[in-house]
Amino acid sequence: MAQVIASRRGPVTGTAKAKPRRPFLLDLYSTAVGKKYVMAITGIAMMGFVLFHMIGNLKMFLGASDLNHYAHFLEKLLYPLAPEKTVLWILRAGLIGMLILHLHAAYSLTVMNRTARPVKYQSARDYQIANFASRTMRWSGVIVLAFIVWHLLDLTFGVVNSQTNAFYMEGDERLKDVYNAVIYSFERPVVAVFYIVANVLLGIHLFHGAWSIFQSLGWNNPRFNKWRNAFATGFAAIVVIGNVTFPVAVMAGILEKATY
Ligand code: HEM
């Protein structure tokens, strides 16, 4: 009998094919935990950018020359070791990569959650736990993204307002006048108000993001909740207050156009 079964089964050795394995990082990214790690790490990198961008922009209050020299210093990072703007473009590429990964992880986590629970919650959700900031992450993120697109068209490329495409001469060098570009931009009350609203939404997004980082990375002992809360509130408040001072100072006439 044993012989009959063995002959029906056929050979058992050397026939099993190993599934081709994906690289470890792709394998990890296919899980919810991996996507949360990506959200957290890219979030930290972008938090670093918004904080240093705000601190750099505070040079507005020191005057046109300070802000413009700082902007040109960024363009000339590591020059002449590397050609002008090379390091700046490497940093920009890193930032764009972080943004794409952050958006992709957010989108695919949402799809994963919907697939896991195709039927909507029948009763009201516990909104004490899912607080205001966490419930608004998606749309605050989308509005901040729209703001970034506008902001780049306005101040980096100068295409939505010809005046923000300003230049000045230093010797025989024609340099971008970043200081006056910001003043020209915020002189339009609709734009100034849009900046303020977008920055408040950025603050809400940052607050929940800064709080969630610890959860996503698994450092979520309830003993540290007080510190997490203080860090998230402090970080979001510093960025928002700093950023809002610029449109407010221009509208109040504290920051004025520079003449050369
Ligand atoms: C009221 C606050 C802000 C002011 C006054 C401001 C000012 C500026 C200026 C003047 C530039 C152009 C710099 C140059 O061409 O040399 C710029 C670029 C940029 N800003 Fe802002 N910004 C503000 C808020 C923000 C926020 C909240 C974000 C992101 C959420 C952001 C993201 C960017 C990015 C990604 C660039 C392009 C950087 C580059 O490619 O060099 N900015 N900003």
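Residues numbered from 1 in each chain as written. Predicted model: local features only at pLDDT ≥ 70, side-chain atom pairs only at ≥ 80, totals over all residues. Heavy atoms only, no water.

A.B. asks: Help me understand the overall build of the chain, please; the structure alone is not making it clear to me.
C.D. replies: Within the chain one finds ten helices and two strands. Listed by position from the N terminus, the elements making up the chain come as α-α-α-α-α-α-α-β-β-α-α-α. Burial analysis of the chain (260 residues in total) assigns 32% to the buried set. A fraction of 71% describes how many contacts in the chain between residues 6 or more apart in sequence connect residues 24 or more apart. (Helix = DSSP H or I, 4+ residues; strand = E, 2+ residues; numbered from the N terminus. Buried < 20%, exposed > 50% of the residue type's maximum accessible area, 1.4 Å probe, protein only. Contact = heavy atoms within 4.5 Å.)

A.B. asks: Is there a simple way to explain the packing of helix 3 (residues 32–57) against helix 10 (residues 225–251) in this structure?
C.D. replies: Think of two packed helices as two axes; the pair is described by the angle between the axes and how far apart they sit. Viewed as axis vectors pointing N to C, helix 3 and helix 10 meet at an angle of 40°, and their least axial separation amounts to 9 Å. With respect to each other, helix 3 and helix 10 are oriented oblique. The element helix 3 and its partner helix 10 pack so that their crossing is left-handed. Where helix 3 abuts helix 10, its residues Met-47, Val-50, Leu-51, Met-54 and Asn-57 lie against Phe-231, Phe-235, Ile-238, Val-239, Gly-242, Asn-243 and Phe-246. (Axes fitted to C-alpha atoms, helices over the stretch in contact; angles between N-to-C directions. Parallel < 35°, antiparallel > 145°, perpendicular 65-115°, else oblique. Left-handed = near helix turned anticlockwise from the far one by under 90°.)

A.B. asks: I would appreciate a short explanation of the coordination of the iron atom of the ligand in the present structure.
C.D. replies: For a metal with four tetrahedral donors the ideal donor-metal-donor angle is 109.5 degrees, while six octahedral donors give ideal angles of 90 or 180 degrees. The iron atom of the ligand binds to the protein through His-53 (NE2) and His-151 (NE2); the donor distances cover 1.9 to 2.0 Å. Looking at His-151, the relative accessible area reads 18%, which means it is buried. (Donors = N, O, S within 2.8 Å, 3.2 Å for Na, K, Ca; no water.)

A.B. asks: Sorry if this is basic, but what is going on with the site of the ligand here?
C.D. replies: Among the 21 residues in the neighbourhood of the ligand, the closest are listed as His-53, Arg-92, His-151, Lys-176 and Asn-243. Between the ligand and the protein, one listed contact pairs a nitrogen atom with a side-chain N or O atom of His-53 at 2.8 Å. With respect to the ligand, the side chain of His-151 contributes an N or O atom lying 2.7 Å from a nitrogen atom. When residues of the shell around the ligand are traced back to their parent elements, those giving at least two are helix 3, helix 7 (137–156), helix 8 (178–186), helix 9 (189–216) and helix 10. (Near = heavy atom within 4 Å. Polar contact = N/O pair within 3.5 Å; in protein donor to acceptor, adjacent residues only side chain to side chain.)

A.B. asks: Looking at this model, I keep getting lost on helix 5 (residues 86–116). Mind explaining?
C.D. replies: Think of an α-helix as 3.6 residues a turn; residues three or four steps apart then line up on the same face. Relative to the 45 Å expected for 31 residues at 1.5 Å per residue, helix 5 spans 45 Å between its end C-alpha atoms, a close match to the ideal helical length. Within the span of helix 5, buried status applies to Val-87, Leu-88, His-102, Ala-105, Ser-108, Leu-109 and Thr-110. Where the residues of helix 5 are buried, they touch helix 2 (24–29), helix 3, helix 4 (64–75) and helix 7. (Expected span 1.5 Å × (residues − 1).)

A.B. asks: Honestly, the packing of aromatic side chains in this entry has me stumped. Any pointers?
C.D. replies: For any pair of aromatic rings, the description rests on two quantities: the centre-to-centre distance and the angle between the ring planes. Summed over all chains, the structure comprises seven aromatic pairs. Taken together, a centroid distance of 6.0 Å and an interplanar angle of 65° make the contact between Phe-147 and Phe-194 edge-to-face. Here Phe-194 lies in helix 9 and Phe-147 lies in helix 7, a separation of 47 residues in the sequence. Residue Phe-194 is classed as partly exposed on the basis of its relative accessible area, which comes to 30%. Geometrically, the ring pair formed by Phe-214 and Phe-231 is edge-to-face, given 5.8 Å between the ring centres and 90° between the ring planes. Linking Phe-214 in helix 9 with Phe-231 in helix 10, this pair joins segments that are 17 residues apart in sequence. (Phe/Tyr/Trp six-rings, centres within 6.5 Å; stacked < 30°, edge-to-face > 60°.)

A.B. asks: What is the right way to look at helix 8 in this model?
C.D. replies: Taking burial as the measure, the nine residues of helix 8 include eight buried ones, the bulk of the element. By the burial criterion, the buried members of helix 8 are Tyr-179, Asn-180, Ala-181, Val-182, Ile-183, Tyr-184, Ser-185 and Phe-186. Contacts made by the buried residues of helix 8 are with helix 4, helix 7, helix 9 and helix 10.

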